[in-house]
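Chain and residue survey
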Amino acid sequence: MDILTQLATGFVHCLTPINMIMLVVGISLGLLIGVLPGLTLVMGVALALPFTYKMDVTASIVLLTAMYVSGTYGGAFTAILFRIPGEPIDVPMLWDGYTMGRNGKPAKALGWTLVSALGGGLLSAVVMVALTEPLAKFALRFSSPEYFVIVMFGLLSVVAIGKGSLANAFISMAVGILISTVGTDPVYGAYRFTFGSPILADGIEFLVVMVGAYGVGEVLTRLETGFSTKPIEKVSNARTELPTWEEFKEVKGMFFRSSVIGDLIGLLPGAGATIASFVSYGIEAKFGRRAKDMGTGIAEGIIAPQAAATASVGGALVHLLALGIPGSGATAVILGAFMLHGIQPGPQVLVSSAGMVYTIFASLFLGLAIMCIIGYFAIRPLVKILDFPEAVVSAYVLILCFIGALSIRNNVTDLWLIIAFGVIGYGFERMKFPLAPLVLGVILGPIAEDSFMNTMISFSNDWTVFFTRPISGTIVAFTAIVIALPFIQHALARRKGIAAEAK
Amino acid sequence: MVRSIAPYLIGLLISVGLWIYSGTIDYSPRPGELGPEVWPRLAILLMGGSCLFEMARRMLVKNEDATGFLEAFEKEEEKEEPEPVYPGLLIGGIVLMAIYAVAVPYLGFIFGTFLFLAAFMYVGGYRSHGVIWGMSVFVTLACGVLFLRVAYVSLPRGIEPFSYANDIFFMIPRVW
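Chains are numbered independently. Their residues run from 1 in the order of the written sequence. Lettering for chains starts from A, numbering for ligands starts from 1, and both go in the order in which the items are written. Local features in this predicted model are restricted to residues whose pLDDT is 70 or higher, and side-chain atom pairs enter the listing and the counts only when it is 80 or higher, whereas totals over whole chains, interfaces and linings include all residues.

1. Some words on the overall build of chain B
The helix and strand labels rest on DSSP assignments: H or I over at least four residues marks a helix, E over at least two residues marks a strand, and numbering proceeds from the N terminus. Within chain B one finds five helices and zero strands. Of the regular secondary structure in chain B, the N- to C-terminal order runs α-α-α-α-α. Here a residue counts as buried when 20 or more other C-beta atoms fall within 10 Å of its C-beta, as exposed when 12 or fewer do, and as partly exposed in between; the C-beta atoms come from the backbone. Taking all 176 residues of chain B together, 32% fall into the buried category.

Written as structure tokens, this is what we have:
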């Protein structure tokens with residue numbers, strides 16, 4: 001009951017003009033980012049981060065969360081209409097969404113997308129409200145060893161669950177942690193890795209790393225291909241046709257299943273909307289009632305990725321708010337926004353800033369409704385944005401990155417750093433080193449170091465406490481399982497291959 | 001082979017260099033407490049160890065890479081022609097950004113941004129001159145009003161006479 005009362009208060013706060021403006025702006029920007037192929041969701045949220053410096057913390061989190069939610073939906077438009085996935089999340093949308101469009105039903109495909117985003121999002125919002133407070137209350141029992149292992153769990157999950165080489169992901173994470181150690185050490189006040197430069201004594205702002213790696217790096221990657229996005233065909237019938245109740249009843253079971261899968265994946269630190277989208281599609285293609293028809297343009301192939309992607313947002317916000325652990329690049333940026341305002345999310349935040357947390361919750365419900373209204377009515381102007389040449393859009397993106405760097409302390413060194421991290425981000429992308437572990441390493445590195453050093457001081461350098469204390473020991477066991485998963489999967493795939501060869 | 005292990009060899013060498021450098025951190029040790037070099041050294045170990053492991057795997061085992069869990073859920077995509085790459089454009093873009101960083105303290109944000117926008121669109125291969133210059137003016141003015149006058153973001157003024165461009169924005173009366 002208390003939760004419902006607080007949520008009602010959250011709705012009242014959310015309906016204030018500034019929060020509503022931020023909500024509408026965030027939803028619109030998220031949809032635009034989703035539509036534009038050169039811009040990714042994390043990049044968009046990271047680009048908006050510097051501009052939240054002078055804003056009220058609640059309004060800035062409402063803005064970024066709204067961008068995060070609608071970014072999981074906007075890319076579906078271009079995937080369905082033009083076979084251009086605006087986001088990696090939308091790649092599964094090409095297989096059935098685009099095919100349904102090619103079969104003469106693009107409006108219906110867009111309708112299924114809208115309903116899936118709304119349904120998945122609402123379910124995840126309910127789960128978020130129900131789980132955050134109990135989890136935060138449980139986390140109040142945590143001491144420094146538990147914090148250290150939970151942070152490491154978050155970091156290592158990103159490495160183990162993501163795509164690509166594990167070794168590369170470990171290297172990326174280590175580089176991120178090392179970047180976070182540059183500057184003055186918090187315990188001794190000693191200079192670390194400053195190489196005699198006074199500007200590095202203040203450390204490297206995570207904002208510079210994020211905006212550089214995701215913003216500048218992505219533009220450089222696209223520039224190297226000569227901004228080669230294919231010109232789009234003219235689509236005259238870009239509209240949304242909602243599914244009928246009869247059509248919906250046929251898929252309600254898998255609709256619910258996909259939303260639950262998305263929510264559960266979102267709850268895992270390390271797994272974001274992209275993973276939810278792929279896994280949900282994969283499960284439907286393997287075990288679904290119409291598994292054999294997947295890829296031929298059926299509704300199930302649209303619902304599975306879209307409902308799961310949007311549903312993952314609520315799950316991801318649970319551990320961000322209750323534990324202070326971001327699970328993906330986008331939530332890492334949202335954590336960054338909290339930290340810019342001097343707030344460390346975690347169990348205490350529900351005690352000290354419950355009003356803010358419930359306003360954020362309420363904004364997710366309202367945001368989903370606004371997202372669907374804008375998505376339904378504004379589809380034509382949204383896809384019209386694709387007429388802008390990529391070179392023009394990219395030039396503006398770079399200027400936003402530069403303003404972000406200069407806004408930190410009006411120092412050109414930050415501009416140089418952002419360019420340097422852009423080049424590093426490009427290099428990582430080119431050599432298939434994932435960026436998410438790097439960014440999470442930069443954000444979570446200081447928290448991990450702090451809790452590690454506190455543990456070592458409190459427990460006389462006894463590192464076995466991480467294993468012997470019940471809660472931290474359990475989290476270590478979970479971490480070991482998550483790390484072992486890719487190896488088990490790899491071994492199983494090899495055995496399967498050998499068996500197939502023998503046959 | 002050399003090409004495939006080169007990034008890891010560089011990573012390993014950087015790890016060794018950083019390990020040695022971390023030994024030079026100047027601090028007064030406290031009895032029974034770990035020093036400020038311990039945490040970075042754990043990260044360096046992870047980096048160097050991962051590089052060494054990957055190099056050894058590529059040279060000795062040559063089996064398939066151990067990949068993240070998500071890889072198994074990837075549907076095999078249709079084979080597409082690899083996109084052509086233009087290293088010249090990339091270098092051009094990086095050089096242009098470096099010129100911006102050098103020039104902006106002198107030209108100021110307004111002039112520097114205006115020139116950068118136009119130059120970057122040309123480097124990016126766009127050739128509609130009217131749109132390039134028109135949009136550069138529009139976006140520069142919009143950024144000036146939004147960030148200098150509305151959001152009060154502190155941005156480089158540049159030297160005279162370019163600094164007058166910034167000052168003009170502060171003459172706009174506030175009506176909000």
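2. Comments concerning the overall build of chain A
Helix and strand counts for chain A stand at 22 helices and two strands. Since a compact globule built from 503 residues should have a radius of gyration of about 23 Å, the 22 Å found for chain A is in line with a globular shape. Dimensions of chain A, computed from the C-alpha atoms along their principal axes, are close to 65 × 60 × 55 Å. Taking all 503 residues of chain A together, 60% fall into the buried category. Counted over contacts in chain A with a minimum sequence separation of 6, partners at least 24 positions apart contribute 80%. Put simply, the radius of gyration uses C-alpha atoms, and a globule should come to 2.2 Å times the residue count raised to 0.38. What counts as a contact here is a pair of residues whose C-beta atoms, placed from the backbone, lie within 7 Å.

3. Observations regarding the interface of chain B and chain A
On the side of chain A, 65 residues touch chain B, which itself brings 59 residues to the contact. Mapped by element, the contributors of at least two residues to the side of chain B that touches chain A are helix H1 (2-22), helix H2 (38-61), helix H3 (87-123) and helix H4 (129-150) of chain B. Among the elements that take part in the side of chain B that touches chain A, H3(B) stands out by supplying 14 residues, more than any other. Three classes are used: nonpolar for Ala, Val, Leu, Ile, Met, Phe, Trp, Tyr, Cys and Pro, charged for Asp, Glu, Lys and Arg, and polar for all others, with Gly counted as polar. The class makeup of the residues in the side of chain B that touches chain A is 41 nonpolar, ten polar and eight charged.

4. Section: the domain arrangement of chain B
Domain limits in this description derive from either an automatic procedure or a database domain assignment. By domain assignment, chain B separates into domain 1 (2-67) and domain 2 (87-170). Here the C-alpha centroids of domain 1 of chain B and domain 2 of chain B sit 40 Å apart.

5. Description of the packing of helix H2 (residues 17-35) of chain A against helix H16 (residues 354-377) of chain A
Residue and element names in this part refer to chain A. Put simply, H2 and H16 touch, their axes get as near as 9 Å, and they point 50° apart. Considering the angle they form, H2 stands oblique to H16. In this structure, the crossing between H2 and H16 has a hand that is right-handed. For the pair H2 and H16, contact is made by Asn 19, Leu 23, Val 24, Ile 27, Ser 28 and Leu 31 and by Thr 359, Ser 363, Leu 366, Gly 367, Ile 370, Met 371, Ile 374 and Gly 375, respectively. Residues belonging to the contact of H2 with H16 are distributed by class as follows: eight nonpolar, six polar and no charged. Interaxial angles span 0 to 180 degrees and are taken between N-to-C directions of axes, which are lines fitted to C-alpha atoms, for helices over the stretch in contact. Roughly parallel refers to an angle under 35 degrees, roughly antiparallel to one over 145, roughly perpendicular to one between 65 and 115, and oblique to any angle outside these ranges. Note on convention: near helix rotated counterclockwise from far helix by under a right angle means a left-handed crossing. Clockwise means right-handed.

6. Considerations on H1(B)
Here a helix's expected span is defined as the number of its residues, less one, multiplied by 1.5 Å. Over its 21 residues, H1(B) extends 29 Å from the first C-alpha to the last, a length consistent with the 30 Å expected when each residue adds 1.5 Å. For H1(B), the complete set of buried residues consists of Pro7(B), Tyr8(B), Gly11(B), Ser15(B) and Ser22(B). Looking at the packing, one finds that the buried side of H1(B) touches helix H8 (166-181) of chain A together with H2 of chain B.

7. Some words on the nonpolar core
Any set of buried Ala, Val, Leu, Ile, Met, Phe, Trp, Tyr and Cys residues joined through C-beta atoms within 7 Å is what this text calls a nonpolar core. In this structure, Val45(A), Met210(A), Val333(A) and Val439(A) are the most contacted members of the largest nonpolar core, which totals 214 residues. Counting only domains with at least three residues in this core, you end up with domain 1 (2-67) and domain 2 (87-170) of chain B. Apart from the residues within four sequence positions on either side, Val439(A) is in contact with Gly176(A), Val209(A), Met210(A), Ala213(A), Gly329(A) and Ala332(A).

8. Quick word on the environment of Gln344(A)
Residues and elements named next belong to chain A. As for its position among the elements, Gln 344 is in the loop between helix H14 (329-340) and helix H15 (347-352). Each C-alpha atom, one on Gln 344 and one on Ile 447, is 9.9 Å from the other, the two residues being 103 residues apart in sequence. In this structure Gln 344 touches Gly 324, Phe 338 and Met 339, once residues within four positions along its chain are discounted.

9. Here we look at H8(A)
Compared with the 22 Å implied by 1.5 Å per residue over 16 residues, the 23 Å span of H8(A) between its first and last C-alpha is a close match. Within H8(A), 16 of the 16 residues are buried, which leaves the element mostly enclosed by the surrounding structure.

10. Quick word on the environment of Gly119(A)
Residue and element names in this part refer to chain A. Within the secondary structure layout, Gly 119 lies in helix H6 (residues 106-139). We classify Gly 119 as buried; it has 22 C-beta atoms within 10 Å. Each C-alpha atom of the pair Gly 119 and Ala 308 lies 9.7 Å from the other, and the pair is 189 residues apart in sequence. In this structure, Gly 119 is in contact with Phe 255, Ser 259 and Ala 307, ignoring residues within four places of it in sequence.

11. Digging into the environment of Gly329(A)
Looking at where Gly329(A) falls in the secondary structure, it is placed in helix H14. Apart from the residues lying within four places of it in its own chain, the contact partners of Gly329(A) are Val42(A), Leu435(A), Ala436(A) and Val439(A).

12. Focus on unusual backbone geometry
Most peptide bonds are trans, and most residues other than glycine sit at a negative phi. Backbone torsion omega between Glu160(B) and Pro161(B) reads 5°, so that peptide bond is classified as cis. With respect to the helices and strands, the residue Pro161(B) is situated in the loop between H4 and helix H5 (163-170). Although it is not a glycine, Lys432(A) sits at a positive phi angle of roughly 60°. For Lys432(A), a count of 13 C-beta atoms within 10 Å puts it in the partly exposed group.

13. As for the packing of H6(A) against H16(A)
All names here are of chain A. Running from N to C, H6 and H16 cross one another at 175°; their axes reach a closest spacing of 9 Å. Classified by the angle their axes make, H6 and H16 are roughly antiparallel. Contact residues: H6 offers Leu 114, Leu 118, Gly 121, Leu 122, Ala 125, Met 128 and Val 129, while H16 offers Phe 361, Leu 364, Phe 365, Leu 368, Cys 372, Gly 375 and Tyr 376.

14. Considering the confidence of the model for chain B
In predicted models, pLDDT denotes the confidence assigned by the predictor to each residue on a 0 to 100 scale. In this model, chain B carries an average pLDDT of 84, and 87% of its residues clear a pLDDT of 70 or more. Here H5(B) stands out as the element of chain B with the lowest mean pLDDT, 82, in contrast to H3(B), whose mean of 92 is the highest.

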